[in-house]
Every structure is written in structure tokens, then in C-alpha cells.
Protein chains: 2
Amino acid sequence: MSSTHGAAADSGSTSLPGLAEIADVGVDRIRGGYSRHLFDDADRTLRDWFTERASRLGLDVERDRNGNLWAWWGEPGPNAFVTGSHLDSVPGGGAFDGPLGIVSALEALGRLRDAGHRPARPVAVVAFAEEEGSRFGVACLGSRLLTGALHPDRARALRDEAGRSLAQVYADAGLDPAAIGPDPARLDMIGTFVELHVEQGRGLVDLDEPVALAASILGHGRWRIRFRGQGNHAGATPMQSRQDPMVAAAATIARIPDLALAVEGSRATVGRVSALPGGTNVIPSVVDCWLDARAATDDATNALLQSIRAAARDAAAVNACSVEITEESWSPTVRFPDDTRAAIGAHIAPRGQSVPALPSGAGHDAGILAAHIPSAMLFVRNPTGVSHAPEEFATADDCAAGIAALERVIRGET
Amino acid sequence: MSSTHGAAADSGSTSLPGLAEIADVGVDRIRGGYSRHLFDDADRTLRDWFTERASRLGLDVERDRNGNLWAWWGEPGPNAFVTGSHLDSVPGGGAFDGPLGIVSALEALGRLRDAGHRPARPVAVVAFAEEEGSRFGVACLGSRLLTGALHPDRARALRDEAGRSLAQVYADAGLDPAAIGPDPARLDMIGTFVELHVEQGRGLVDLDEPVALAASILGHGRWRIRFRGQGNHAGATPMQSRQDPMVAAAATIARIPDLALAVEGSRATVGRVSALPGGTNVIPSVVDCWLDARAATDDATNALLQSIRAAARDAAAVNACSVEITEESWSPTVRFPDDTRAAIGAHIAPRGQSVPALPSGAGHDAGILAAHIPSAMLFVRNPTGVSHAPEEFATADDCAAGIAALERVIRGET
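Note that the coordinates shown come from a computational prediction; the quantities given were computed from them, not determined experimentally.

Rules of the game
Here the residue numbering is sequential within each chain, running from 1 through the sequence in written order. Labels are handed out in written order, letters beginning with A for the chains and numbers beginning with 1 for the ligands. Per-residue local features are limited, in this predicted model, to residues with pLDDT of at least 70; the limit for side-chain atom pairs, both in listing and counting, is 80 or more; totals at the level of whole chains, interfaces and linings are taken over all residues. Note that water and hydrogens are dropped before the side-chain values are worked out from all heavy atoms of the structure. Under the scheme used here, helices are H or I runs from DSSP no shorter than 4 residues and strands are E runs no shorter than 2 residues, and both carry numbers assigned from the N terminus. For this analysis, residues touch if any pair of their heavy atoms sits within 4.5 Å. By definition, the buried area sums, over both parts, the 1.4 Å-probe accessible area that each loses when the two are put together. Polar contact is the term for a pair of N or O atoms within 3.5 Å; when the atoms are in protein, one must be able to donate a hydrogen and the other to accept it, and sequence-neighboring residues count only if both atoms are side-chain atoms. Following the grouping adopted for this structure description, the nonpolar residues are Ala, Val, Leu, Ile, Met, Phe, Trp, Tyr, Cys and Pro, the charged ones are Asp, Glu, Lys and Arg, and the polar ones are all others, Gly among them. Copies are brought into register by a least-squares superposition over C-alpha atoms of residues with pLDDT of at least 70 in both. Any two strands with at least two DSSP bridges between them are considered paired. By convention here, the domain bounds are inherited from an automatic or database domain assignment. By salt bridge we mean one thing: a side-chain nitrogen of Lys or Arg within 4 Å of a carboxyl oxygen of Asp or Glu. Each residue's exposure class comes from its accessible area (1.4 Å probe, protein chains only) as a fraction of the maximum for that residue type: buried when under 20%, exposed when over 50%, partly exposed otherwise. Helix axes use the C-alpha atoms of the stretch in contact, all axes being lines fitted to C-alpha atoms, and the angles between their N-to-C directions lie in the range 0 to 180 degrees. By definition in this entry, angles of less than 35 degrees are roughly parallel, angles greater than 145 are roughly antiparallel, angles of 65 to 115 are roughly perpendicular, and the rest are oblique. Left-handed describes a crossing in which the near helix is turned anticlockwise from the far one by less than a right angle; the clockwise case is right-handed.

Engineer: Please clarify how the side chain of Thr-340 of chain B should be interpreted in this entry.
Structural biologist: Structurally, Thr-340 of chain B can be placed in helix α12 (residues 338–348). Setting aside residues up to four positions removed in sequence, Thr-340 of chain B forms contacts with Pro-374, Ser-375 and Ala-376 of chain B.

Engineer: Got a minute to help me understand the interface of chain B and chain A in this structure?
Structural biologist: It is common to give the size of an interface as the accessible area that goes away when the parts come together. Chain B puts 61 residues into the contact, and the matching count from chain A is 61 residues. Taken together, the two surfaces of chain B and chain A that pack against each other cover about 4900 Å², and 61% of this comes from carbon and sulfur. Counting across the interface, chain B meets chain A through 20 residue pairs in polar contact (both at pLDDT 80 or more). Those elements that provide at least two residues to the side of chain B that touches chain A are β8 (232–233), α10 (245–261), β9 (267–276), β10 (282–283) and β11 (286–295) of chain B. Along the lines of polarity and charge, the residues of the side of chain B that touches chain A split into 30 nonpolar, 21 polar and ten charged.

Engineer: Where do I start with the relation of the copies chain B and chain A in this structure?
Structural biologist: The two chain copies are related to each other by a rotation about an axis together with a translation along it. Here chain B sits on chain A after a turn of 180° about the axis and a move of 0.0 Å along it, with an RMSD of 0.1 Å. Such a combination of turn and shift is consistent with a two-fold rotation axis. When C-alpha distances to the rotation axis are compared across chain B, the minimum falls at Ala-250 of chain B, with a value of 2.1 Å. Looking at the interface residues of chain B, 100% of them are also at the interface in chain A, so both copies use one shared face.

Engineer: Before we go on, may I ask you to explain the pairing of strand β1 (residues 60–63) of chain B in this structure?
Structural biologist: It is a general feature of regular strands that their side chains alternate between the two faces of the sheet. Pairing between β1 of chain B and strand β2 (residues 69–73) of chain B: four bridges, direction antiparallel. Looking at β2 of chain B, one finds that Glu-62 of chain B is bridged to Trp-70 of chain B.

Engineer: Could you clarify how one ought to interpret the domain arrangement of chain A in this entry?
Structural biologist: Residues and elements named next belong to chain A. Domain annotation of chain A identifies domain 1 (3–218 + 333–413) and domain 2 (219–331). Facing 15 residues of domain 1, the contacting portion of domain 2 comprises 16 residues. Summing both partners gives a buried area of about 1100 Å² for domain 1 against domain 2, and 36% of it is carried by carbon and sulfur. Inspection of the region where domain 1 meets domain 2 yields one salt bridge. The residue Glu-161 makes a salt bridge to Arg-272 at a minimum N-O spacing of 3.5 Å.

Engineer: So what exactly am I meant to see when it comes to the pairing of strand β15 (residues 375–380) of chain A here?
Structural biologist: Residue and element names in this part refer to chain A. Counted residue by residue, β15 has six buried out of six residues, so it is predominantly covered. Burial of β15 is two-sided: the residues Ser-375, Met-377 and Phe-379 facing one way and the residues Ala-376, Leu-378 and Val-380 facing the other way are all buried. Across six bridges, the pairing between strand β5 (residues 190–198) and β15 is parallel. Pairing of Leu-196 across the sheet is with Leu-378, part of β15. Of the pairings in the sheet, the one linking strand β6 (residues 211–217) to β15 comprises three bridges and is antiparallel in character. By the bridge assignment, Val-211 is partnered in β15 with Val-380.

Engineer: Sorry, what's going on with the sheet that holds strand β9 (residues 267–276) of chain A here?
Structural biologist: Across a sheet, paired strands are connected by hydrogen bonds in the backbone, their directions being either parallel or antiparallel. Residue and element names in this part refer to chain A. Spatially, four strands are ordered β9-β11-β7-β12 in an open sheet, and the strand pairing comes out antiparallel. Looking at which strands have only one partner, the edges of the open sheet turn out to be β9 and β12 (322–331). With strand direction ignored, the average angle separating the axes of adjacent strands in the sheet is 15°. Of the strands in this sheet, β7 (219–228), β9 and β11 (286–295) touch helix α10 (residues 245–261), which is tilted by about 10° from β11.

Engineer: Honestly, the packing of α10 of chain B against helix α11 (residues 298–318) of chain B in this entry has me stumped. Any pointers?
Structural biologist: Each pair of packed helices can be summarised by the angle the axes make with each other and by the distance between the axes. Residue and element names in this part refer to chain B. One way to put it is that α10 packs onto α11 with a least axis distance of 9 Å and a crossing angle of 150°. Between α10 and α11, the interaxial angle falls into the category roughly antiparallel. With respect to the hand of their crossing, α10 and α11 are arranged in right-handed fashion. Here Ala-248, Ala-251, Thr-252, Arg-255, Ile-256, Leu-259 and Ala-260 of α10 come into contact with α11, specifically with Leu-304, Ser-307, Ile-308, Ala-311, Ala-312, Asp-314, Ala-315 and Ala-316. Of the residues that constitute the contact of α10 with α11, the class distribution is eleven nonpolar, two polar and two charged.

Engineer: Looking at this structure, how should I read the sheet that holds strand β7 (residues 219–228) of chain B?
Structural biologist: Residue and element names in this part refer to chain B. Reading across the sheet, the four strands line up as β9-β11-β7-β12 and stay open at both edges, with antiparallel pairing between neighbours. The sheet is open, and its two borders are formed by β9 and β12 (322–331), each paired with just one other strand. With direction set aside, neighbouring strand axes in the sheet form an average angle of 15°. Relative to β11, β9 runs antiparallel, the two being bridged by nine bridges. Counterpart to Val-270 in the pairing with β11 is Leu-291. Contacting β7, β9 and β11, α10 crosses the sheet at an angle of about 10° to β11.

Engineer: Where do I start with the pattern of salt bridges in this structure?
Structural biologist: Here the idea is simple: oppositely charged side chains can pair when their charged atoms come close. A complete count under the given rule lists 46 salt bridges over all chains for this structure. The partner of Glu-107 of chain A in a salt bridge is Arg-111 of chain A, and the shortest N-O contact between them spans 3.3 Å. Of the two residues, Glu-107 of chain A and Arg-111 of chain A are both situated in helix α4 (residues 99–114); the distance of four residues between them amounts to about one turn of the helix. Glu-107 of chain A gets classed as partly exposed once you look at its relative accessible area, which sits at 21%. Here Glu-21 of chain B and Arg-53 of chain B are joined by a salt bridge, their closest N and O atoms 2.9 Å apart. Linking Glu-21 of chain B in helix α2 (residues 17–21) with Arg-53 of chain B in helix α3 (residues 41–56), this pair joins segments that are 32 residues apart in sequence. Residue class for Arg-53 of chain B comes out buried when judged on its relative accessible area of 11%.

Quick look at the structure:
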């Protein structure tokens, strides 16, 4: 399977010229796939590539004070049509999540320009910073800062795994950490935002369609669950007198699937665990687990979180440990506006055919912007249904269908 | 509690001149305590310190081909009396585990020399490489290589977390990787080996004694348990269709305490878990846990391992994952010889008083050497009973009692 997927992923990324250009950037030899994290070498290389490629199309590229990149076709101004996505990845992510939306946008703009289209509204392609939250733990970092969904004080104090603060990392990237935060003037310029993205499930496979619009995004959040016990020697400490936070964490994680199954349509995941000190022959003193929980309504997400919180408290008590749960991010359920979706759908399928609408389990910058601006998303079919992993895929034909749809939308809107 | 322990640890390490000299080396600001791992900056600094300090005592320092350091009083030769321990630590370990034995040995030799003692046998202080196995996963690496308990081919292929092989790391340290392995000529020179070590439990606290001899070392081993599932998106993948290796790992770890309690006197610990890719919003594709398991007899350790193996297989099956268990190291139960212990005890308490004998839950280089050479261990009381953590401690008086005991042993034996 993996060699088939590997070959498929290669042909997929090389069949799209833009993806082929960045196929070598941020390859993760240990995890497989790509690791491209905010302002690391790979992310900086991708930013340079974006700037260079957009400039070749005659677009004017600027970096805003939150680290997002904007490539303008025409003078920046009010009622702009903005499309784009993000360049960063999860650790060991696929080739399509993020870059597909940017490559497709640049490709669509290039075709429109070559066809002599003259947009009536300003058009921009945006690359949002740190959508995956892989470096600083907050997903949609750049769009949250732009819209004020994340307080700049909280953002500045975020730290990466090496202990470096966001303020330091932004300063090293040539940005003024004091200037990050809400940017209402820029937000006011955006009239419509459309994000094209690879689908992260099998909805389009089941529908046998290449492209869909997004109906909604599951509400979701991230929490750090920290268990504290007593670090000690793994050989010299009898089982009876242990305060082992790893056992408390494991007992909690083991219960999560049943707790999520009890809340219909909800999802809960621990993808990352860190033990302090982390020696094989050492009972840890602290174990952190990161919980990702999502559900169709905010009430359901809260109910799920409460049951996981109770399970963590039980497990801590049984193991003579303490537990502390910290919210790292929270995004309410998003319903994309019906009228925007209808207008966009009409551009894509002008002869009265309908474009299917799918819910998204994954969060997106479009979900953050939707609270402020008419927003929509276009999904491109993913035959593996797998995402955030090297098996993520889209065929060349489906990528072409996505670009064509985006081209029609921009033409229709501008 | 932690501030009390912190203050105590400070006064403890500074009350012993040798420990005070290295109190700043390898301080771990994130974990607390010390992180000193084979041939890292801290370990190299400690090796330089050892060489310099032993040379000041008039000892001749050499590094053997397995990376162990030897400081000789008199010409190296047969029937040598060797004492020592190790300089490396677990991640975030205490100040005493390892260095106390080396500092005490150097201190005892210095006093004997100052008192005009002329040993009848060659005497050496040894600092064994990578006793904790924190870099390459195999505890007692240096003594295992010396005695042939670890095959040099297997050792050369070991990799650290950064993916560097032991062969590369040894070569960078100026050692010939082709030359590592059994060193019978050196082993044949050792007539007696005595390791002084901080106690890693509360045995001496309960006995109200400062110093004990070791009766035995629990048999113990380390295994890597690798669960493989299907990496995927944490939000877009329904709970019903997951193959989540983190849940399988957690279900296994959560059962381990009960499985260990079912085998009398046994201990089992998972101190370290690593998820691939390790993103908060990603179902991992692979989760590794490292198991440390120990029991009073090898049969009991095997029985414990079999029950954990069965639990891991169950948990993998329930979660549609696979599991693979790899032994990283194995040390059979060690009983230190009664006659050596009696002779050493007679030197320490010459007037017919008895020195208590305690079992050790922790492994030591003395346990590896005991299969080849008359060996013994001296334990110094640890009032916290905690080890492999910053709370590990010994009072200045008890450290002095340990040094005095070692001095009497060397005088009596040589």
C-alpha cells in the first residue's frame, strides 16, 4: 500500500506544476511526508517561493504584521476577492493540505490574466501563517491574529518545543512582535474569502464527484492535559508506592474513544504525549497529553470535554497524581453562509447543476474569517480519504477540476 | 517540598568538594536536575574534570577502547582493586547517582595517599560509559562492552534519538568503532570491583543506618513496544474507522500496574512514549513505548513480560493496530558473592559489627562485572528515597560515612 501511495503522491504532486516546484521543500525523512513549520527553513523557503512565483505573475507581494503573505492583483482596496490557504504542515503531513489551495489560486489567476480577464474588484492570494499550529500549538494562528480571535499578549507568550517565544521567533523573522494583533483595516478590505483545500475525508469519493463546497466546520478545540506525580527510579520504587503520571495519562487516553462515541458525531484524539524527564528507567514526574476534540455543536464539544475532564480527574486520583487542563485553542462550530455558497456554486456549475455541500471535520482559516466576512470553501476529492499523513492525495484530473472551479468563481465574482 | 529538597540537594552537593566542582555541569533547566549523556557537552566536561582531578592525585588516566576511563594508582597489573561508578545521568537525574561513587573513590584514594598508605595491589578508579543508557538505550553500555555482554556489532548499530549511530558518535569522540568490544586482558587485571552508590530506595532510612552492602540486583530488561496504525486527520476521521496506535499504547500502559502487582516484588514502568508524527491534530501512525521491567528472579521477569506482551496484543487487536516488541537490553538477576561481601563488611566494621545487606531494584555496572569478577556494592543512605530525579539526596555526614567505609575497604584489601 505505502509504495502505491508513495508513487501516487509523487505523480500527483508533479502533475501540478506548482506542487512539483516545492516537492523537495521540508521533506521529513524520519516521519515521511512533509514537516513545514512557521519560520523554519522549509517555511521560509516556501515563503520565498510564493513571493517569487506571485511576482512572476505580476502580483505585488506584501507581508502583513501578523506574518501572513498577500499577493495582490491590482491595487489593494475595499471589496477585494481573496483566495488562498496556508503553506505550513503538520509534522509528517501530506503534500496537498495547504499548498494545494495556494498553487490552485496562483494557477487560476495566471490563466485569467493570460485570457485577458480584467477583474472589477481587487484580487489577492493569501498564505496564512501557522494554520496547523504545529509550532506554537494554536491552529489558524495568522487568521486568528488578523481577526482578533487570539489576543496578541497570549500569542506573544506562546512557546515552541525548544522554549522559544512567539515574540522572539517573530522578531527573528523581521516582524515587530509589538505590532501583531487585530488588523481591522486589512480585514475591511476583504469582500469575499474562498479557500480551496484537499478534502480530508471520503465524502467526495462516496459522492463520486471531484469538487464540493463546504457546508460547515465542526467546532473544535485543543487542550493540554498535564498530570503531575512523583518522579522516581523505575527499578527501586515498589508498585504500591508510586505516583506515576504516565499511568494516569494512559488510563485517560484509553477511555477517550468510548467517551467520544457517546457524543454523536464527535471526535477526540491524543496525537502527542510528552513525559518529563522521559527516561526509560525513570517514573516521570510530569506527563503532558494534547487533546483535540470536536463535535457538531459547541454544546456537544463541551459535553465531550466535560466527560474527558472527569475521566482525567478519576485517573489522576487513582494514581495519586494531580491533573490540570488548559485550553490552548477553541473554535466554535462554523456554518458557511448559504447565500455565499449558492452564489459560488452558481459560478462553478452555471447550468443549474448543483455542487455538493459537505461538512468539514477539519478546521480552516476560512472558518476563522467566516465570523467576519462572507466566506466559502472548495474541497477537492481525496481518493485515500487520509489527511495529515503522506497518503493524502488528489489526482491530477481532480486538481485540474479544482483550479477550473476556482477560475470560474474568480471570473464570476470579479 | 520541592524547595526544601532543592535547598538540601544544594547543600549536599556543595558539602562534598568533588560534587561541588561539577555542580554546574549538565544542569537541565527544563527538566530540573542533571542531563549528562554519553559524549555530550556535559559528559565531555565531566570526563575532562575526572582526568584533571585524578592526575592531580598522581593517578595515570587512560581511556579504554570502549570509552571507559581508568585512573591508576601504581602500575596497571593483575589482581587490581578497582572502584568507581559512572558520570552520566538519566534525563533530569539527581546529583548523586553515579558521580557519588567516583568522587568518593577519588577522595578515599587521596586520603590514603596523604596518610602514606602504599597499596600492595594496583588500585584503579573507573568511570564507566553510559551506565544509564539514556543516549543509546542500553544500560551499562561500557561495562557490557568490556565484558562481552553486548555484542560489538549490535552496539555499533545502536542509534540515538537524533538518528546518529554509536559507531559515528564513538568515532567523533576519537575512538575506533572497529575496536569496541570484549577486552579480556583488561578484565583479567581486575581482582575485585567495589562500586559505591547512593541508595535508590528507603532501605537505609528504615534501618537507621548510613551505609549498607548490596545483596542482589533485581533482574531487569528494557523493551521497545511499537504499535502501528493508520495516521490520519484528528478532525476528519470518524471514531468508528480509526486505527489509532496511541489508544492501543494507552490501553496497554494502563494495565501494566495490575500486571506487575500480580508478580510479587516485580516492577514495570513506561517512562517514555513517542508518537509519530506527533502532531496535536493528527492520529499517529506509530507509537513507541519503552518498557522497563524487573523482578526478583528471571522466571518472574519473563512471566511479567509475557503478561504485558499479551495485554499489548489485545490492545493492538481491539484498535486494528499491529504491535512488535523488541528487547533492548536484558540483565539476569545478580546475587553478589557472600564471601566478597563478608570480607568487605569486615573491613568496614572490624569489631564484629555487621553491615546490613540490601537488595537493589536498580541495575549497576557492578552487576555486569559480578558475572566475571568478585564484586560488591556499598550503598549510602538517601533520606528522600527518591532517585533518577532532582530530589535524590545524601547528607554530608552520610557521604562522609561512605567515603570512610570505602577508605577502610581499600586499605584492608591493598
